[in-house]
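Secondary and tertiary structure notes
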Amino acid sequence: MPGLLRGVARTAVVAGTATAVSNRVSRRQAGRWAQQEPAPEQRAPAPPAPAPAAPVDDMSNKLEQLKELGQLKEQGVLTEEEFATQKSRILAS
């Protein structure tokens, strides 16, 4: 029985240590991300979508706007929500 208790105690210590280390790493990483990301009021506003030039070029204009939005999202200028909002606005026009 002492061998079983020793094994259980060792498992508990290892699991507790792993949990503590994991939590600390998560908190530290979240702190680093918070320092890197600008506050919502410091972010640049989403660029307004240009008005369509002519009905004939409407589809190509929409495609160009969507490509620009995709690039802005990849660069981190737009969040996922801002991207979705602008995308739906372009497609609805």
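Throughout what follows, the structure given in this document is the object of discussion. (Residues numbered from 1 in each chain as written. Predicted model: local features only at pLDDT ≥ 70, side-chain atom pairs only at ≥ 80, totals over all residues. Heavy atoms only, no water.)

Looking at the overall build of the protein
How we decide: For the purposes of this entry, the term helix denotes a DSSP run of H or I that reaches at least four residues, the term strand denotes a run of E that reaches at least two, and both are numbered from the N terminus. A simple rule labels every residue: compare its accessible area, found with a 1.4 Å probe on the protein chains alone, to the largest value its type can have, and call it buried under 20%, exposed over 50%, or partly exposed in between. Computed with the Shrake-Rupley method and a 1.4 Å probe, the accessible areas treat only the protein chains shown as cover for residues.
Within the protein, the regular secondary structure consists of three helices and zero strands. Written out in order from the N terminus, the α and β elements of the protein read α-α-α. Here the protein holds 93 residues, and 10% of them are scored as buried. Summed over its atoms, the accessible surface of the protein is roughly 7,600 Å², and 60% of this surface lies on carbon and sulfur atoms.

Some points on a positive patch on the surface
Here is the rule we go by: For patch detection, residues must exceed 30% relative accessible area and be free of salt bridges, and they are connected within 9 Å for like charges or within 5 Å for nonpolar side chains (Val, Leu, Ile, Met, Phe, Trp, Tyr). A carboxyl oxygen of Asp or Glu within 4 Å of a side-chain nitrogen of Lys or Arg is what we treat as a salt bridge. Here Asp and Glu are counted as negative and Lys and Arg as positive; His is not counted, and neither are the chain ends. By convention, charge coordinates are those of NZ in Lys, CZ in Arg, CG in Asp, or CD in Glu.
Positive charge collects at one region of the surface, where Arg24, Arg27, Arg28 and Arg32 lie side by side. Looking at where Arg32 falls in the secondary structure, it is placed in helix α1 (residues 2–36). With relative accessibility at 44%, the residue Arg32 sits in the partly exposed group.

Side note on the pattern of salt bridges
Evaluated as defined, the whole model comprises one salt bridge. As a salt-bridge pair, Lys73 and Glu80 come within 3.1 Å of each other at their nearest N and O atoms. Under the relative-accessibility criterion, Lys73 is labelled partly exposed at 31%.

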